[in-house]
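Chain residues, written in single-letter form:
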Amino acid sequence: MLSFLDQVFVAENIRSISAAELANRLDDELYALNERLGERAFPKPAKAYLDDWAAPEAGWLRKYYPEGSDEPHFDVTPAVEKALAWV
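This structure is a prediction, so every number in the text was calculated from the model and none was measured.

The subject of this paragraph is the overall build of the chain. A tally of regular secondary structure across the chain gives 4 helices and 3 strands. Along its sequence from the N terminus, the chain presents helices and strands in the succession α-β-α-α-β-β-α. At a minimum sequence separation of 6, the contacts of the chain that also span at least 24 residues come to 40%. With the model as given, the accessible surface of the chain reaches about 5,800 Å², and the carbon-plus-sulfur share is 52%. The chain carries 9 positive and 16 negative side-chain charges, and their two centres are separated by 5 Å.

The following block contains the structure:
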């Protein structure tokens, strides 16, 4: 999870990304991982993982609606930024 978030938000210097775009990217990553590790390694769809990561008890992503948009966007929380600085 951290390596995926690092790739998207740090390596690509993205501060905020639409839910659809992030789900597409994660779907590609999950497909590649399931090909290598077996199709049951990550059984949930990408959107479910994003919702899990944005849940208050996880707190890894912040899900919000930018002004004038009806599509949710995500950004990483300060805790993830701190963790990524150590990676």
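Right, let's talk about the side chain of threonine 77 for a bit. Mapped onto the elements, threonine 77 comes out in the loop between strand S3 (73-76) and helix H4 (78-86). Engagement of the side chain of threonine 77 in a polar contact is seen with the backbone oxygen of glycine 59, the distance being 2.7 Å. Apart from the residues within four sequence positions on either side, threonine 77 is in contact with Gly59, Trp60, Leu61 and Arg62.

This paragraph deals with the environment of alanine 11. If you trace the backbone, alanine 11 turns up in helix H1 (residues 2-11). Separated by 46 residues in sequence, alanine 11 and glutamate 57 place their C-alpha atoms 26 Å apart.

Here the focus is the pattern of salt bridges. Counted under the stated rule, the structure contains 7 salt bridges. Where arginine 15 meets glutamate 81, a salt bridge forms, and the shortest distance between an N and an O atom there is 3.3 Å. With arginine 15 in the loop between H1 and strand S1 (17-18) and glutamate 81 in helix H4, this pair connects stretches of sequence that are 66 residues apart. Taking the relative accessible area as the measure of exposure, arginine 15 reaches 60% and is therefore exposed. For glutamate 21, the salt bridge is made with arginine 25, and the minimal N-O distance between the two is 2.8 Å. Residue glutamate 21 and its partner arginine 25 are both found in helix H2 (residues 19-37); the two are separated by 4 residues, about one turn of the helix. Overlapping salt bridges bring together Glu12, Glu21 and Arg25 as one network.

Reading the values: rules and limits
Residues numbered from 1 in each chain as written. Predicted model: local features only at pLDDT ≥ 70, side-chain atom pairs only at ≥ 80, totals over all residues. Heavy atoms only, no water. Helix = DSSP H or I, 4+ residues; strand = E, 2+ residues; numbered from the N terminus. Contact = heavy atoms within 4.5 Å. Areas by Shrake-Rupley, 256 points an atom, 1.4 Å probe, with all protein chains shown as cover. Lys, Arg positive; Asp, Glu negative; His and termini not counted. Charge placed at Lys NZ, Arg CZ, Asp CG, Glu CD. Polar contact = N/O pair within 3.5 Å; in protein donor to acceptor, adjacent residues only side chain to side chain. Salt bridge = Lys/Arg side-chain N within 4 Å of Asp/Glu carboxyl O. Buried < 20%, exposed > 50% of the residue type's maximum accessible area, 1.4 Å probe, protein only.

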